[in-house]
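Structural overview for review
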Amino acid sequence: MARVLRMPGISADATEAVLSEWLVEDSGDFGPADPIATVETEKAAVDVEADAAGRVLKTLVLPGAQVLVGDPIAILGEPGEEVADLDALLTSLGVAAVTDAIIPERRDVPSDPGSGAPLAERPDLGGRAGPLADPEQSSPVNGRVFSSPLARRLAKDAGLAIDGVKGTGPRGRILRRDVDKALAGRQSPRTPTSDEQAPKRPSTPVAASRGYRDIPHSRIRLATARRLTESKQQAPHFYLRATVRAEALLALRAEVNGDPSTHISVNDLVVKAVGAAHRREPEMNVIWTPDAIRQYDAVDIAVAVATDRGLMTPVVRDVGSLSVTALSVAIGAVAQRARDGKLKQDDLEGGTIAVTNLGMYGVEEFAAIINPPMAAILAVGAVRDEPVVENGAVVAGKVMTVTLSVDHRPVDGVLAARWLAVLAELLEHPVRLLA
Amino acid sequence: MPEHRPMSPASPWVEIVVTDDDWDAADPDLLRTIYAQLVWVRTFEQYVLDLAGAGLIHGPAHSSIGQEAGAVGSVLALTSEDSVNGSHRGHHQFLAKALHHVERKGLDPLAAPSDDVREVLVRTLAEICGLDRGWSHGRGGSMHLQWKEAGAMGTNAIVGGGVPQAAGFAWSHRQAGTDAVSVTYFGDGATNIGSTLESMNLASAWGLPVCFFIENNHYAVSTSVDEATGEPRLAARGLGFSIAAWSVDGMDPLAVHLAMTEAVEYMRRGGGPTVVEADTYRFFHQNGGFAGSAFGYREKAEERAWRERDPLTQTAAQLQRLGILTTQECELAISNATGVMDEIGAALLEADPAGKPGQRRIKPAEWPDPAWVDFGVRGDLAELDDAPMVVDESAVAVEETTFIDAVAAVMGRRMDTDPGIVVMGEDVHRLNGGTNGATRGLPARFPGRVLGTPISENAFVGLAGGIALDGRFTPVVEFMYADFMWVAADQLFNQIGKARHMYGGSNGVPLVLRSKVAMGTGYGSQHSMDPAGVLATSAGWRIVAPSTPYDYVGLMNTALRCQDPVVVLEHVDLYTSSGLGPVDDWDYCLPVGRAAVRRAGSDLTVLTYLAMTRYVLEAAEGHQVDAEVVDLRWLDRASIDWATIEASLTKTNQVLIAEQGAVGTSYGGWLADEIQRRYFDLLDAPVWRVTGGVASPSISKVLERAAIAQTSEVVAALDEIARY
């Protein structure tokens, strides 16, 4: 029985993904759980696995194609299945018509499925490049913002960042009129002088070699930039800081690690404590959406992982229900997958708070930018020796500073302060985490 | 049982057989010249093979060793006024003609070569090596040897490709009132190709003084003449066209000379074309210095038998028998010539500093300048300097004119003022001005200058190409349908389009091709194309596309003065249309490379031409997209009006290229490519295009309409553009 394989949704906010590689070619058989294709989003490269043994009868998109989530990407059959009339099969599955539309890479020569005629050159399409998308259906591909050559030049001449301009052309392309509009908006608050009105062209082009080199943005770098910019612009951050005594935390860690088969980190304990704090203060286990504050039942926590490819924030599920050692293993596993570029769709979804830790670099304290759509991020500093006052006397102590960044839209200051107090209490009495 | 009446060809066919008596009767000076030429050609060719063996010749060296007698014997029956052209194996033909031109009174085999002879040898060797000193600055090489001054009009690498042009040289000789003749040399392989047979027919129909000189060396590369034809007696080709034919032993230079003398005399007294078949043999393979037997297609015994009849040894033996030269003198002539070739080679070659001892290389200074690679693809238009060029286009008084009347009127005016213009094509001399009236009134006014041709496009276009290469007359060729370009493709693209550049860049090819675009007339898939896109791929052509009577007159006047081949596109839709044309000025010229803005607009630049201009203007009228409509007028890469395009794009920032014809052969592709690179920063949208469909237009009226872009297709494109 032939069936359609569709583009899976890789992360919550992605409507498209790139089919980066077919791991099974046309007429290739696969076993259950074999990877069939690699699919990539801004955040992750994910293997699409077979749910049962079968055969790829026909791939419908070329490697590199940007595909809408839910659109057909291949026709699968039973192992060894042969198809005499592929076209009829495609028609019966209702996918023939979309074949071309979902392969943007072929848009320079999309062909009419019936005649093979190049649609691109047909007069009824004005010879333009392929079937037209609605201007509204704008979606940057691979993090790239489409803009016309003229729009780019005008923006550059005016010192305007093209990324910030809203495109109204085909596929959301930024056109001259969009740049003109953006420039008009920029200039309207005051009366520009005539000098300023005339866009100045640089008298000479910037030399290609002037003591620097341009490293092209990776997809992840662009995504990080875009999301964090968005976060800082849209989520009003406020910050709470607490310094906690860490002796008990270190002692507990040493005790647990006394078992040679176990190795937990301070960070594992912090994540566990965050999970527990979220259970105590469930109003913190939320995210902001345009219509409502969404409160989650389970506590999912993201952990920031630095990788060669950039910063990743995989999510650990239901932290509250995991033992410290199980949590440690789970964190280790997602961190490894992140470093290997093998994060799964699941690994990236959900979470209301992230934990980021630069303590291993000796950083005493820092404030982090919230990873949207989460409501908070906890920045964890190093455990350090400090003089502390104990019963009126100054003694040597071990302390750790944590800084909570909070999105003020769903969370008020008092709630966040309460949560932080709970967290501090748990960190200073970590045995409660084992209860 | 019906009666069987024997029939016979209308033309004679004889074999010339020479005996010692003929040698006895021959002028000793002629025989000395024959021997001297044979020696020069042989030693030259041997030297070329030596260079080829040393890797100093780039490309093939088609050796003529063994075949010298045919060229030498025949050329000595000609004068410098007579023209020759030849085949890929043409060193001997070219050398014989050039040597005869510089030493008209004859050559002495024992005399030191004159400076002129040395010049011929060094420039020919340089050309074969691809060097700047060559006749064509090394562009032509071994297979394209041309020295027009000597009447050597160019050898040719396309089998049969030069034959139609030779008919053109013959036509020019006769039209100029001379008794000069044209000789076209080709091999047995070329007797089976259409251009040769078409040219025989055309030359016979028109009684042209052209000799089809067949060097039957029995092998077309490795295919023997017996395999390639049912009539291997190739002189018999002439009989089918009522052409007088001579067969002769091509290893005997005197026999060839006697046969050729008869043929030339026959042509000079107006007998029409001739065929001379010289039975000969190339001692080596197709190219290089190895015998054909080494490649397995012929026997060593056969090669030995032919070598025993080596024209040099045969001639030497006769000269010795006649007491004209001694054995030693014959050998001395060869060793002297060999020494001269070594000296000539030393002028071009030097020891290779990076090579083994004895290894040579081309002297670096001898190479042509690589920067010169595209020089002379087309001319510099200096011929237009004194043309009555209209810059202010309101300077010409205009009135409403029917397009087709302007076509005939301007040609009549030009033929009046320029007796060199000749019009040819299918039915142009009948039907009251050809199939569309374009030559109306001209046959009666200009007898002998409006020539109805047989239906053989390759032959009559090639003939016109020959007239253009000759340069004394300006041919105007009409194609009844543009699609016939494919039939004449070799002559249009390989010959006429490349001739100027390939032969050095300085000799013009003044030819006008009036190509009728007949889409929309119900003539179907094979008669409805727009040739502009294909023609634009050819480097040598200029293309004009007039859309009004006024433009037609001015552009045709410019085209007729231009020393490049110019195709004037004529759309049959326009013939019956009317528009502004000149009142009484039929002499003004429109400048090369000047487009016309037919409608000013601010939103979109539409580039269009010919009959599509009108449809674009219709579509633009009243449309919300304010289109600026540019009628390109000049379409080829060298003549297109970039200034107007850029000015318009600077204003509108987007461009639509609109044309009527099928997408596959469409014109706009190269233009879109050029625009996106030249004007990337001016573009706010991709280059838009309107073309016809994928298929050629069909006969059925509705299908034909659907295949051709007109107003509604442009409107659809404008609507699409308006969405953004």
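1. Description of the overall build of chain B
A count of helical and extended segments in chain B gives 24 helices and 24 strands. Looking at the 724 residues of chain B, the share that counts as buried comes to 57%. Considering only contacts within chain B whose residues lie at least 6 apart along the sequence, 77% involve residues at least 24 apart.

2. Examining the overall build of chain A
From N to C terminus, chain A includes ten helices and 18 strands. Across the 435 residues in chain A, those meeting the buried criterion constitute 34%. At a minimum sequence separation of 6, the contacts of chain A that also span at least 24 residues come to 62%.

3. Digging into the packing of helix α3 (residues 68-75) of chain B against helix α9 (residues 253-268) of chain B
Residue and element names in this part refer to chain B. As a packed pair, α3 and α9 sit with axes 7 Å apart at the nearest point and diverge in direction by 40°. Considered as vectors, α3 and α9 are oriented oblique to each other. Between α3 and α9 lies a crossing of right-handed hand. Within the contact between the two elements, α3 uses Ala69, Gly70, Val72, Gly73 and Ser74 and α9 uses Pro253, Leu254, Val256, His257 and Met260. Split by residue class, the contact of α3 with α9 holds six nonpolar, four polar and no charged.

4. Points about the sheet that holds strand β1 (residues 13-16) of chain B
All names here are of chain B. A sheet is described by the order of its strands in space; here seven strands give the open sequence β1-β8-β9-β5-β4-β2-β3, paired in parallel fashion. The strands lining the two open edges of the sheet, one partner per strand, are β1 and β3 (152-155). Strand-to-strand twist of the sheet, defined as the mean angle between neighbouring strand axes without regard to direction, takes the value 15°. When strand β2 (residues 83-86) meets strand β4 (residues 182-187), the two strands line up parallel, connected through three bridges. Looking at the pairing, serine 83 lines up with serine 182 of β4. Relative to the sheet, α9 contacts β1, β5 (210-216), β8 (244-249) and β9 (274-279), its axis offset from that of β8 by approximately 165°.

5. Section: the nonpolar core
The biggest cluster of nonpolar side chains holds 231 residues, and the ones touching the most others in it are Tyr35(B), Ala259(B), Val276(B), Ile543(B), Val606(B) and Leu635(B). With 13 residues, helix α2 (residues 28-53) of chain B is the largest single contributor of residues to this core. Those residues in contact with Val276(B) that sit more than four places away from it in its chain are Ser74(B), Cys211(B), Phe213(B), Ile214(B), Trp246(B), Val248(B), Ala259(B), Met260(B) and Ala263(B). One finds Val18(A), Ile36(A), Ala277(A) and Ile370(A) within the second-largest nonpolar core, a separate group that totals 79 residues.

6. Notes on the pairing of strand β18 (residues 565-571) of chain B
Residues in a regular strand point their side chains to alternate faces of the sheet. Residues and elements named next belong to chain B. In terms of residue burial, β18 counts as a mostly covered element, since seven of its seven residues are buried. Because side chains alternate across β18, one face comprises the buried residues Pro565, Val567, Leu569 and His571, and the other comprises Val566, Val568 and Glu570, equally buried. In terms of strand pairing, strand β16 (residues 511-517) meets β18 through seven bridges, oriented parallel. By the bridge assignment for β18, valine 517 is matched with histidine 571. Examined bridge by bridge, strand β17 (residues 542-544) and β18 share three bridges and lie parallel to one another. Of the residues in β18, the one forming a bridge with arginine 542 is valine 566. Traced from β17 through helix α18 (residues 549-561) to β18, the parallel crossover comes out right-handed.

7. Some details on the sheet that holds strand β15 (residues 315-316) of chain A
All names here are of chain A. Read across the open sheet, the six strands follow the order β9-β18-β17-β16-β12-β15; overall the sheet is mixed. Two strands bound the open sheet, and with one partner strand each, they are β9 (237-245) and β15. Of the strand pairs in this sheet, β9 and strand β18 (residues 393-407) are connected by nine bridges, and their pairing is antiparallel. By the bridge assignment, alanine 242 is partnered in β18 with valine 402.

8. A look at unusual backbone geometry
For the bond running from Pro372(A) to Pro373(A), omega is 5°, close enough to zero to count as cis. Secondary-structure assignment places Pro373(A) in the loop between β16 (353-357) and β17 (376-390). Even without a glycine there, the phi angle at Arg171(A) is positive, about 55°. For Arg171(A), the location among the structural elements is in the loop between α2 (149-157) and α3 (176-187). The phi dihedral of Asp427(B) falls on the positive side, at around 65°, and the residue is not glycine. Residue position: Asp427(B) is located in the loop between β13 (421-425) and α14 (442-445).

9. Some words on the confidence of the model for chain A
Residue and element names in this part refer to chain A. Overall, the predicted model of chain A reaches an average pLDDT of 80, with 81% of residues at or above 70. Within the model, pLDDT remains below 50 along residues 97-138, and this stretch shows 88 contacts once partners closer than five positions in the same chain are excluded. Counting contacts from residues 189-208, a segment whose pLDDT is below 50, to residues more than four positions away or on other chains yields seven contacts.

10. Structural notes on α2(B)
Residue and element names in this part refer to chain B. For α2, with 26 residues, the first-to-last C-alpha span of 37 Å sits near the 38 Å given by 1.5 Å per residue. Of all 26 residues in α2, 19 are buried, a share of seventy percent or more. Of the residues one or two after α2, glycine 55 is the one with positive phi, at around 75°.

11. Let's talk about the pairing of strand β2 (residues 16-22) of chain A
Residues and elements named next belong to chain A. In terms of strand pairing, β2 meets strand β7 (residues 65-68) through four bridges, oriented antiparallel. By the bridge assignment, alanine 17 is partnered in β7 with valine 67. Examined bridge by bridge, β2 and strand β4 (residues 35-40) share four bridges and lie antiparallel to one another. Pairing of valine 18 across the sheet is with glutamate 40, part of β4.

12. Quick word on the confidence of the model for chain B
On average, residues of chain B score 97 in pLDDT, and 100% of them reach the 70 mark or higher. Reported confidence for the predicted complex is 0.72 by ipTM and 0.69 by pTM.

13. A word on the environment of Gly161(B)
All names here are of chain B. Along the chain, glycine 161 turns up in the loop between β3 and α6 (163-175). Between the alpha carbons of glycine 161 and histidine 88 there is a distance of 9.9 Å; along the sequence they are 73 residues apart. Filtering out sequence-adjacent residues up to four positions away, glycine 161 remains in contact with Asn156, Ser195, Asp490, Asn494 and Gln495.

How each quantity is defined
Residues numbered from 1 in each chain as written. Chains lettered and ligands numbered in written order. Predicted model: local features only at pLDDT ≥ 70, side-chain atom pairs only at ≥ 80, totals over all residues. Helix = DSSP H or I, 4+ residues; strand = E, 2+ residues; numbered from the N terminus. Buried ≥ 20, exposed ≤ 12 C-beta atoms within 10 Å, placed from the backbone. Contact = placed C-beta atoms within 7 Å. Axes fitted to C-alpha atoms, helices over the stretch in contact; angles between N-to-C directions. Parallel < 35°, antiparallel > 145°, perpendicular 65-115°, else oblique. Left-handed = near helix turned anticlockwise from the far one by under 90°. Nonpolar A, V, L, I, M, F, W, Y, C, P; charged D, E, K, R; others polar. Pairing = 2+ DSSP bridges. Core = buried A, V, L, I, M, F, W, Y, C linked by C-beta atoms within 7 Å. Right-handed = clockwise from strand over helix to strand, strands pointing away. pLDDT = per-residue confidence, 0-100. Expected span 1.5 Å × (residues − 1).

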